Amino acid sequence: MLKYPPQMRGTTEEARMNHIPTSTRYASLSISLHWLMLLLIAAVYACIELKGNFPKGSDTRELLKQWHFMLGLTVFALAWLRLLVRIVKPAPAIEPAPPTWQNLLAKLMHLALYALMIGTPLAGWLILSAVGKPIPFFGLELPALIAPDKQLAGQIKELHELAGTAGYWLIGLHALAALYHHHVARDNTLTRMLP
Ligand code: HEM
């Protein structure tokens, strides 16, 4: 039998009364990774957007591309670590608890953000593999994932660009939702993730 009214279920109050250890904040590693990855993703976007200001073949344009690749691959590696921490240490409950439809929407959004952080760099890695170019990673060269195939490279590039555009929207909506929770709903959604 359920001991608590629906609005209290899953809250830290319910857990406290059941003597379950609770936290009102994300794990500190999750918080560090969240803000570090925000900076990294902003830099990945900045490198590729700024590259257009420099002539083809120029050193600066090439350097910006190399940094786009290397920082993007860093996002790829850290996303797996972040996913692991998230599985081991579940997210703390939001107080007061939002309606079920909002929780569902948030879950879908977070899933889409993880797909973006893993799928987009993976597609980038596949593009470089398919055009037969080296895959740089801070002085190392990563292996190609597939054999050279110009046509396939073009198709994956289109997907990568689409994912990049979707990323702007997803990240923007994610930030707006956090501000809505903080200033309108006035719950602890944002403070759980603040450093
Ligand atoms: C979070 C990770 C990443 C994001 C959000 C991202 C996003 C983008 C965006 C927005 C573009 C420009 C698309 C356009 O011109 O319309 C782009 C281009 C590109 N990206 Fe990424 N990217 C990421 C990671 C990577 C990685 C890891 C690699 C390769 C190792 C890579 C390889 C490329 C390539 C080859 C291009 C085309 C560059 C050109 O036009 O010469 N990306 N990416």
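Residues numbered from 1 in each chain as written. Predicted model: local features only at pLDDT ≥ 70, side-chain atom pairs only at ≥ 80, totals over all residues.

Turning our eyes to something else, we now look at the overall build of the protein chain. Counting secondary structure elements, the protein chain contains 5 helices and 2 strands. Along the protein chain, helices (α) and strands (β) appear in the sequence α-α-α-α-β-β-α when read from the amino end. Residue burial in the protein chain is summarised as follows: out of 195 residues, 14% are buried. The long-range fraction of contacts in the protein chain, counting pairs at least 24 apart against all pairs at least 6 apart in sequence, stands at 68%. (Helix = DSSP H or I, 4+ residues; strand = E, 2+ residues; numbered from the N terminus. Buried ≥ 20, exposed ≤ 12 C-beta atoms within 10 Å, placed from the backbone. Contact = placed C-beta atoms within 7 Å.)

For the rest of this paragraph, the subject is helix H2 (residues 28-50). Given a rise of 1.5 Å per residue, 23 residues ought to cover 33 Å, and the 33 Å separating the end C-alpha atoms of H2 matches this to within 8%. Turning to H2, its buried residues are Leu 33, Ile 41 and Val 44. Those residues of H2 hidden inside the fold are in contact with helix H3 (59-88). (Expected span 1.5 Å × (residues − 1).)

The next subject is the packing of H2 against H3. Look at H2 against H3: their axes get within 9 Å of each other, and the N-to-C directions meet at 155°. By the angle between their directions, the pair H2 and H3 is classed as roughly antiparallel. When the axes of H2 and H3 are compared, the crossing they make is left-handed. Residues Leu 29, Ser 30, Leu 33, Met 37, Leu 40, Ile 41, Ala 43, Val 44, Cys 47, Ile 48 and Leu 50 of H2 form the contact with H3, whose participating residues are Leu 64, Trp 67, His 68, Leu 71, Gly 72, Thr 74, Val 75, Leu 78, Leu 81, Arg 82, Val 85 and Arg 86. Residues belonging to the contact of H2 with H3 are distributed by class as follows: 17 nonpolar, 4 polar and 2 charged. (Axes fitted to C-alpha atoms, helices over the stretch in contact; angles between N-to-C directions. Parallel < 35°, antiparallel > 145°, perpendicular 65-115°, else oblique. Left-handed = near helix turned anticlockwise from the far one by under 90°. Nonpolar A, V, L, I, M, F, W, Y, C, P; charged D, E, K, R; others polar.)

It is worth spelling out the nonpolar core at this point. By size, the foremost hydrophobic cluster in this structure holds 7 residues: Phe 69, Leu 73, Trp 125, Leu 126, Ile 127, Ala 130 and Ile 156. Elements with a contribution of two residues or more to this core: H3 and helix H4 (100-131). Residue contributions to this core peak at 4 residues, all from H4. (Core = buried A, V, L, I, M, F, W, Y, C linked by C-beta atoms within 7 Å.)

This paragraph deals with the environment of Ala 178. Here Ala 178 shows up in helix H5 (residues 150-185). For Ala 178 and Met 193, which are 15 residues apart along the polypeptide, the C-alpha to C-alpha distance reads 9.9 Å. Residue contacts for Ala 178: discarding those within four places in its chain leaves Thr 189 and Leu 190.

Attention shifts here to the site of the ligand. Residues in contact with the ligand amount to 21 residues; listed here are only the nearest, Phe 69, Gly 72, Pro 121, Gly 124 and Gly 164. For the shell around the ligand, the elements supplying multiple residues, two or more each, are H2, H3, H4 and H5. Across the shell around the ligand, the residue classes tally to 13 nonpolar, 7 polar and 1 charged. (Near = placed C-beta within 6 Å.)

What follows concerns the confidence of the model for the protein chain. Summarising the model, the protein chain shows a mean pLDDT of 91, and 89% of its residues fall at 70 or more. Counted against residues more than four places away or in other chains, residues 1-12, with its pLDDT under 50, gives 15 contacts. Here residues 14-21 is a poorly scored stretch, pLDDT under 50, and it has 6 contacts once near neighbours within four places are set aside; other chains count. (pLDDT = per-residue confidence, 0-100.)

So, on to the packing of H4 against H5. Between H4 and H5, whose axes approach to 8 Å, the crossing angle comes to 155°. When the interaxial angle is binned, H4 and H5 end up roughly antiparallel. Crossing of H4 against H5: the hand is left-handed. Grouping the constituent residues of the contact of H4 with H5 by class yields 16 nonpolar, 7 polar and 2 charged.

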